[in-house]
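# Architecture at a glance
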Amino acid sequence: HANDHYPPHNIIKTGETDYLIELAVAGFTREELTVEVKDRTLTVSGEHVSRGREFIHRGISTKKFKRQFRLSEHTQVHGAEIKDGLLVIDLKVVIPEEQRPRLIEIK
């Protein structure tokens with residue numbers, strides 16, 4: 001759904017060229033999550049594997065999800081890890097040497 005905000009996420013700038021995307025993935029195991037980059041689109045999906053438990057109350061959602069993030073031209077994904085119930089995806093903006101400003105020495 002276009003207006004489905006599950007799971008909640010943060011986008012954090014941690015440095016001049018460094019960013020993190022955090023997704024709240026409580027209840028999902030590492031094996032139930034997929035992080036994929038294709039054509040400058042980062043897709044994070046999760047599909048919960050039923051463990052056959054009988055819930056008396058279910059307040060923690062583990063419904064199937066797919067979230068997409070459009071990456072800018074020079075953004076690279078440098079890794080992902082699960083930390084404190086969050087899936088943390090590490091992004092870096094890497095501008096190729098030939099596109100960086102260059103000072104020309106005046107003789």
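Residues numbered from 1 in each chain as written. Predicted model: local features only at pLDDT ≥ 70, side-chain atom pairs only at ≥ 80, totals over all residues. Heavy atoms only, no water.

## Points about the overall build of the chain
Each helix and strand in the chain was counted, giving 0 helices and 7 strands. Secondary structure elements of the chain occur, N-terminal to C-terminal, as β-β-β-β-β-β-β. Its C-alpha radius of gyration of 18 Å places the chain more than 25% over the 13 Å reference for a compact globule of 107 residues. Out of the 107 residues belonging to the chain, those deemed buried represent 23%. (Helix = DSSP H or I, 4+ residues; strand = E, 2+ residues; numbered from the N terminus. Rg over C-alpha atoms; globule rule 2.2 N^0.38 Å. Buried < 20%, exposed > 50% of the residue type's maximum accessible area, 1.4 Å probe, protein only.)

## Topic: the packing of aromatic side chains
Two measures describe an aromatic ring pair: the distance that separates the ring centres and the angle between the ring planes. Per the counting criterion, the structure on display carries 2 aromatic pairs. For the ring pair Tyr6 and Phe65, a centre distance of 6.0 Å and an interplane angle of 85 degrees mean the geometry is edge-to-face. Highlighted residues: Tyr6 in the segment before strand S1 (9-13) and Phe65 in strand S5 (residues 65-70), separated in sequence by 59 residues. Each member of the pair, Tyr6 together with Phe65, is buried. (Phe/Tyr/Trp six-rings, centres within 6.5 Å; stacked < 30°, edge-to-face > 60°.)

## Brief notes about the pairing of strand S2 (residues 18-24)
Where S1 lies against S2, 5 bridges are found, and the strand directions are antiparallel. Note that in S2 the partner of His9 across the bridge is Leu23. In this antiparallel pair of consecutive strands, S1 and S2, the connection spans 4 residues. Sheet analysis places S2 next to strand S7 (residues 86-93), joined by 7 bridges and oriented antiparallel. (Pairing = 2+ DSSP bridges.)

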